[in-house]
Amino acid sequence: MKTIIALLLISLTQVSCTQTDPILGQTEITKFQGNKKGAISVTYDDGIVNQFTIAKPIMDSLGLPATFYIITGKVEGSGKGKFIGRDPREIIQETAQIKTDSTNFFERASLIAFTGTSEAEEYHARAGSLFEQGKVTEAYALIDEGYEKIRNGTMKDTDDVVFHNNIEDTTTWDQYKSYAAQGHEIASHTVTHPRLAVLDEVNLLYELKQSKADLLKFIGPESIFSAEGPYGTENERVMEYAHKVYPSLRNRMPEEWLEEINRGSKMTPGESAKEYIQWQRGPVTRIDINQMKAWVDTVMTHDNNWLVLVFHGIENLGWEPKTRPELVEYFSYMKAKEQDLWIATFRDVTKYLRERKATEVSSKVKKDSITIGLNLNLDPLVYSVPLTLKTYIPADWTSAQVIQGKESQSLEIQSDNKGAYVIYDVKPAGGNAILNGGN
Ligand SMILES: [Zn+2]
């Protein structure tokens, strides 16, 4: 047995001895695109019009992409918010006889948001908040109180479909489509911004699927990859449904190689040993610009951080607004460090990380060329964000070029303590890449 192993070892050694140096051809997919130290995704929630008239132009002038999670039911032409189920009058009548409990709570909490008043919508949102905090009895009692007011006709009346935080949003699908064409991500924040955790199945699925259908219809497949369930929910039941509708959620990602530090967490990125850290921060009104810059600096001192910023209001519109001058200063600060930071949409960073984890790379070294094989174990139509590779090349190459398919590019030769190398981008499903060297 020992002899066989020894023979095997000898033959393996002989194979690798055909290369002069074992480092030659060694190839890795860099942690972030462009071999950057970290990534930043700038995200905006709720589709507030100032995000497009104030924040987006600032980012455009710096060439930075953003992700906008929009409430699709607010956009003209989309599927509107509605209650799906039994006759509302029947449900309302029942509330006079039967107290709210686990058997009827989701149906009642779903309906109350659509009974035509903003106060009723608030009952939905407050009951949802209590439920998600585990205060179930209080949530039931609140629903009973709300329906009592409906039965007595004492809730103030409006005739609109009522949205939480009902701020006027005038952006059209044509505008959203043009923003997507500019490289921004326009994605789902549901149809009406409900507390998904207290919706019954049919209404929960409508909020997720109708929003997706409209994004696909009015923008295209790039808009239905990531989504954000309102109020940053991490409710298990909601996550289970939502992960079947959207490939990625900002709320939560299931990958075990990714540490998620959510907005409420005090954990710091240095405290986790996981391969990647997704660090979500909310630049709310009271957070000053120096604190915001410090987040960017923290990303630069690690090699595995993905900072996800969650903005809401801008200037005088929306929840926890930030001002125009703050945004100008902040995004300019980020831009100045772009050499070390990959600033990309939530969608593209998610795709890159998953592609990197699901791609096998092989290399075959010849005298003047290295062939790089790529095997992507994901749907190539969805996962097509270019991957950045680092390959060690022979020390005597004075020039290098990469060819993949019909594209070729000259590369800068760099070196570290292991040897000379090149950094280049490839399409994960674009077939073999060939590195050619000259000397
Ligand atoms: Zn929201």
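Cut-offs used in this document
- Residues numbered from 1 in each chain as written.
- Predicted model: local features only at pLDDT ≥ 70, side-chain atom pairs only at ≥ 80, totals over all residues.
- Heavy atoms only, no water.
- Helix = DSSP H or I, 4+ residues; strand = E, 2+ residues; numbered from the N terminus.
- Contact = heavy atoms within 4.5 Å.
- Areas by Shrake-Rupley, 256 points an atom, 1.4 Å probe, with all protein chains shown as cover.
- Lys, Arg positive; Asp, Glu negative; His and termini not counted.
- Charge placed at Lys NZ, Arg CZ, Asp CG, Glu CD.
- Pairing = 2+ DSSP bridges.
- Axes fitted to C-alpha atoms, helices over the stretch in contact; angles between N-to-C directions.
- Core = buried A, V, L, I, M, F, W, Y, C linked by side-chain atoms within 4.5 Å.
- Buried < 20%, exposed > 50% of the residue type's maximum accessible area, 1.4 Å probe, protein only.
- Donors = N, O, S within 2.8 Å, 3.2 Å for Na, K, Ca; no water.
- Salt bridge = Lys/Arg side-chain N within 4 Å of Asp/Glu carboxyl O.
- Parallel < 35°, antiparallel > 145°, perpendicular 65-115°, else oblique.
- Nonpolar A, V, L, I, M, F, W, Y, C, P; charged D, E, K, R; others polar.
- Domains from an automatic or database assignment.
- Arc of directions from axis to C-beta.

A. Quick peek at the overall build of the protein chain. Secondary structure assignment for the protein chain yields 12 helices and 18 strands. If you take every contact in the protein chain between residues at least 6 apart in sequence, the share linking residues at least 24 apart comes to 72%. Accessible surface for the protein chain amounts to roughly 20200 Å². Of this, 51% is attributable to carbon and sulfur atoms. Of the charged side chains in the protein chain, 48 are positive and 60 negative, and the gap between their average positions amounts to 3 Å.

B. Structural context of the sheet that holds strand β15 (residues 407–411). Reading across from one edge, β11-β12-β18-β14-β15 is the order of the 5 strands in this open sheet, with antiparallel pairing throughout. Across the chains shown, the open sheet's two edge strands, defined by having one partner strand only, are β11 (359–365) and β15. Each strand of the sheet is rotated relative to its neighbour by a mean of 20°, with strand direction disregarded. Relative to strand β18 (residues 433–438), strand β14 (residues 399–404) is paired through 6 bridges, and the arrangement is antiparallel. Opposite Val402, over in β18, you have Leu435 as the bridge partner.

C. Quick look at the nonpolar core. Ranked by size, the top nonpolar core spans 42 residues in total, and within it Tyr44, Tyr330 and Phe331 carry the most contacts. In this structure, Trp306, Leu353, Val385 and Val426 belong to the second largest nonpolar core, which totals 34 residues.

D. Spotlight on the coordination of the zinc ion. In the first shell of the zinc ion, the protein supplies Asp46 (OD), His189 (NE2) and His193 (NE2), at 2.1 Å from the metal. Coordination of the zinc ion draws on donor residues from a single chain, spaced D-x142-H-x3-H in sequence. Here Asp46 is found in the loop between β2 (38–45) and α2 (49–62), whereas its partner His189 is found in the loop between β4 (185–188) and α8 (201–218), with 143 residues between them in sequence. Accessibility assignment for this pair places Asp46 and His189 in one class, buried.

E. Here's a closer look at the pattern of salt bridges. The final tally for this structure, using the stated rule, is 27 salt bridges. Of the charged contacts in the structure, one is a salt bridge between Glu326 and Lys322, with a shortest N-O distance of 3.1 Å. What makes Lys322 buried here is its relative accessible area of 1%. The network of salt bridges with shared partners includes Asp45, Glu228, Arg250 and Arg263.

F. Structural context of the sheet that holds strand β17 (residues 419–426). Read across the open sheet, the 4 strands follow the order β1-β13-β17-β16; overall the sheet is antiparallel. Unpaired on one side and paired on the other, β1 (27–29) and β16 (414–416) mark the two borders of the sheet. Direction aside, the axes of adjacent strands within the sheet are offset by 35° on average. Packing of helix α12 (residues 346–357) onto the sheet brings it into contact with β1 and β13 (387–392), and relative to β13 it is tilted by some 40°.

G. Just the packing of helix α5 (residues 118–132) against helix α6 (residues 136–152), in detail. Across the interface, α5 lies against α6 with an axial gap of 8 Å and an inter-helix angle of 170°. Regarding the angle of α5 to α6, the classification is roughly antiparallel. Seen from α5, the contacting residues are Glu119, Tyr123, Arg126, Ala127, Leu130 and Phe131; seen from α6, they are Val136, Glu138, Ala139, Leu142, Ile143, Glu145, Gly146 and Lys149. Classifying every residue of the contact of α5 with α6 by side-chain character gives 8 nonpolar, 1 polar and 5 charged.

H. Molecular detail of unusual backbone geometry. Positive phi, close to 55°, is recorded for Asn35, a residue that is not glycine. The phi torsion at Asp46 lies on the positive side, around 85°, for a residue other than glycine.

I. Structural context of the domain arrangement of the protein chain. By the assigned domains, the protein chain splits into domain 1 (19–32 + 359–438), domain 2 (34–79 + 164–350) and domain 3 (88–152). Of note, the centres of domain 1 and domain 3, computed from C-alpha atoms alone, are 59 Å apart.

J. View of helix α7 (residues 173–181). The set of residues buried in α7 consists of Trp173, Tyr176 and Tyr179. Here the buried residues of α7 occupy an arc of 120° about the axis, which is enough to place them on one side. Turned more than 90 degrees away from the buried face of α7, the exposed residues are Asp174 and Ala181.

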